[in-house]
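# Breakdown of the fold
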Amino acid sequence: MNKLYKGFRKKPFFCDVKLVNKRESHLKSQVVISQLFSKGKVITTPPFRLVYLSRKDLKTNGSQILISVPKKRFKLAVSRNAIKRKISEAFRLYSSDLKAFLNKTNTHLAIGFIYIGSRELRSEEAPKKMQEALEKLLKKLKENEIE
RNA sequence: AGGGCAAAUCGGCUUAUCGCGGGUCUUGUAAAAGGCAUGAGGAAAGUCCGGACAUCAUAGGGUAGCCUGCUUCCUAACGGGAAGGCGCUAAUUUAUUAGUGACAGCAAGUGCAGCAGAGAGUAUAUUUCCCAUUUCGGUGGGUAAAGGUGAAACGGUGAGGUAAGAGCUCACCAGCAAGAUUGGCAACAAUUUUGGCUAGGUAAACCUCAGGCGAUGAAAGAUCAAAUAAACUUCGGUUUGAGGGCGACCCGCCCAAUCGGAGAGGGUAGAUUGCUUGACCCCGUGAGUGAUUGCGGGGCUAGAUAAAUGAUAAGCUAUUACAGAAUCCGGCUUAUAGAUUUGCUACAUAA
RNA sequence: GGUCUCGUGGCCGAGUGGCUUAGGCAUCGGUCUGCAAAACCGAGUACAGCGGUUCGAAUCCGCUCGAGACCU
């Protein structure tokens, strides 16, 4: 946690965790992806479908995300890219609670965001939807923790 | 001042905060942190052509297949471009302008042309016209001017000629073929001589002629690391030439002691490189009608790998067109809101 | 990233440039029947789009759109 607080002195306007979204937080491993889709649990909130898989046996903690937009609904590469960017930006801004929880409980979480909306994601509604989805996810994770 | 057409250029900018990719510098044992500048197109698209580069193959020849098709030039090359020629269309100024053309050959050969029509290619006679004959209903022969059909019907005008006619003969005209001269690098144009009197359409039908083309694509390939099995079982063939290679086929040539089929089974899929200095861009200047190119000076301008360019706020008419690099170049085609510049053009308004 | 194929009524599907297109299933109307099925008779509905070649294009050529397959 100390690492993350390092930039806090210079930029005091933002909250307790620094908001980064680096390469390391992308989900790349084919093994993990196949496990995610075969064993993972699913939450559906209107524009997204979340697939997640939490593990405690790994040494690292934190989250790795994967974003998928179907080519069948969005023909243009430009619009697909725009949706992906909006999702990742929204996740970057509103995932601080989730990250704090994961650090506390020392879990590794793989999340897949699948966009199931039929229209393009508008930038003003993206943060609201993301917050809803993440709150739902956090609640589920806490329930599991108690069990 | 606005409208239309054509060509060219741009197709977002500024500030603040946060964030991402690779690069570089600083701090740090390291992990990492911070600073700096930089980071998506005119089409990045379609994959329709042409190259570079790489691997495989390569004594050589022929055939097949595919592509291109007026001429000369440009270019690394092209199915691209420039200039010119010819045809067609439109306009008028009637010989110019603008647009446009897969624009070699049907006078090498073969095929095709429904319906209609007498006849659709060495074709032919329905109605006419003329002659002969007649049982006066017709029959036989000659003829192709006129009517009619069709997308398309085998030159036109006049004279001679004839039973009636006909390029049957002649003159002129149109068009064709061959030759000559002149101009042009050439396509071709102009003039002229001779010929036979007419040659129809279709090659985006087969085809002929001329020219060109080896195949596969960066998921190509190279290096390193890790792992390992040129192994095992079984069947068949072989110095009396089997088998393999020359990745369409044939001739021919080469290799040569091993080759082929089946079974069971093992391993890898990570890193670096290829990767961005290039037929590059900008400026000046010379050559050329032009495409293009010579010389000099300056510049470095994405290089990711489940894949970076974003978000928020404010302002500029602005949430605002079409749209996202994946080895790299040259074209073509298609999509495209708006802005600017230049040229041409006609209309209306005002002075 | 690269390569290739296909597109004909509501569905399947034939079609060698020539009568706007064979056939089957489905739909609708009629005959039959007490009613229906089957059978029989009849009808409507199509060449993915645009442009070109040709007297004439579903067919030949070019571009565009859509769908699918393969390499990996």
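Scroll up to find the structure.
A few points on the structure. (Residues numbered from 1 in each chain as written. Chains lettered and ligands numbered in written order. Predicted model: local features only at pLDDT ≥ 70, side-chain atom pairs only at ≥ 80, totals over all residues. Heavy atoms only, no water.)

## As for the overall build of chain A
- Regarding its fold elements, chain A presents four helices and four strands.
- Element order for chain A, N to C, with α for helix and β for strand: α-β-β-β-α-α-β-α.
- For chain A, the residues scored as buried account for 35% of the 147 residues in total.
- Within chain A, residue pairs in contact and separated by at least 24 positions form 78% of the contacts whose partners lie at least 6 positions apart.
- Surface accessibility of chain A: about 10,000 Å² in total, with carbon and sulfur atoms responsible for 53%. (Helix = DSSP H or I, 4+ residues; strand = E, 2+ residues; numbered from the N terminus. Buried < 20%, exposed > 50% of the residue type's maximum accessible area, 1.4 Å probe, protein only. Contact = heavy atoms within 4.5 Å. Areas by Shrake-Rupley, 256 points an atom, 1.4 Å probe, with all protein chains shown as cover.)

## Observations regarding the packing of aromatic side chains
- Under the counting rule described, the total for this entry stands at three aromatic pairs.
- Ring centres 6.0 Å apart and planes at 80 degrees place the aromatic pair Phe48 and Phe113 in the edge-to-face group. One end of the pair, Phe48, is in strand 2 (residues 48-55); the other, Phe113, is in strand 4 (residues 108-115), and 65 residues separate them in sequence.
- Among the aromatic side chains, those forming a connected cluster through ring pairs are Phe48, Phe91, Phe113 and Tyr115. (Phe/Tyr/Trp six-rings, centres within 6.5 Å; stacked < 30°, edge-to-face > 60°.)

## Focus: the pairing of strand 4
- Judged by how many residues are buried, strand 4 sits mostly within the fold: eight of eight residues are covered.
- Across the two faces of strand 4 the burial is the same, with His108, Ala110, Gly112 and Ile114 and Leu109, Ile111, Phe113 and Tyr115 all buried.
- By the bridge criterion, eight bridges tie strand 2 to strand 4 in an arrangement that is antiparallel. Across the sheet, Leu53 pairs through a bridge with Ala110, a residue of strand 4.
- The sheet contact formed by strand 3 (residues 62-68) and strand 4 spans seven bridges and is parallel. Opposite Ser63, over in strand 4, you have Leu109 as the bridge partner. (Pairing = 2+ DSSP bridges.)

## Observations regarding the environment of Gln131
- Topologically, Gln131 is positioned in helix 4 (residues 126-146).
- The partly exposed category is assigned to Gln131, whose relative accessible area is 35%.
- A sequence separation of 85 residues divides Gln131 from Pro46, and the C-alpha atoms of the two residues are 12 Å apart.

## Some words on the sheet that holds strand 2
- Pairing is mixed in the open sheet, where four strands are placed in the order 1-2-4-3. The sheet terminates laterally at strand 1 (41-45) and strand 3, the two strands that pair on one side only. Within the sheet, the average angular offset between the axes of one strand and its neighbour, ignoring direction, is 20 degrees. (Axes fitted to C-alpha atoms, helices over the stretch in contact; angles between N-to-C directions.)

## Description of the packing of helix 3 (residues 96-105) against helix 4
- Direction vectors running N to C along helix 3 and helix 4 enclose 15 degrees, while the axes themselves pass 10 Å from each other. The orientation of helix 3 with respect to helix 4, classified from their angle, is roughly parallel. In this structure, the crossing between helix 3 and helix 4 has a hand that is left-handed. Seen from helix 3, the contacting residues are Asp97, Leu98, Phe101 and Thr105; seen from helix 4, they are Leu134, Leu137, Leu138, Leu141, Lys142 and Glu145.
- Among the residues forming the contact of helix 3 with helix 4, the class breakdown is six nonpolar, one polar and three charged. (Parallel < 35°, antiparallel > 145°, perpendicular 65-115°, else oblique. Left-handed = near helix turned anticlockwise from the far one by under 90°. Nonpolar A, V, L, I, M, F, W, Y, C, P; charged D, E, K, R; others polar.)

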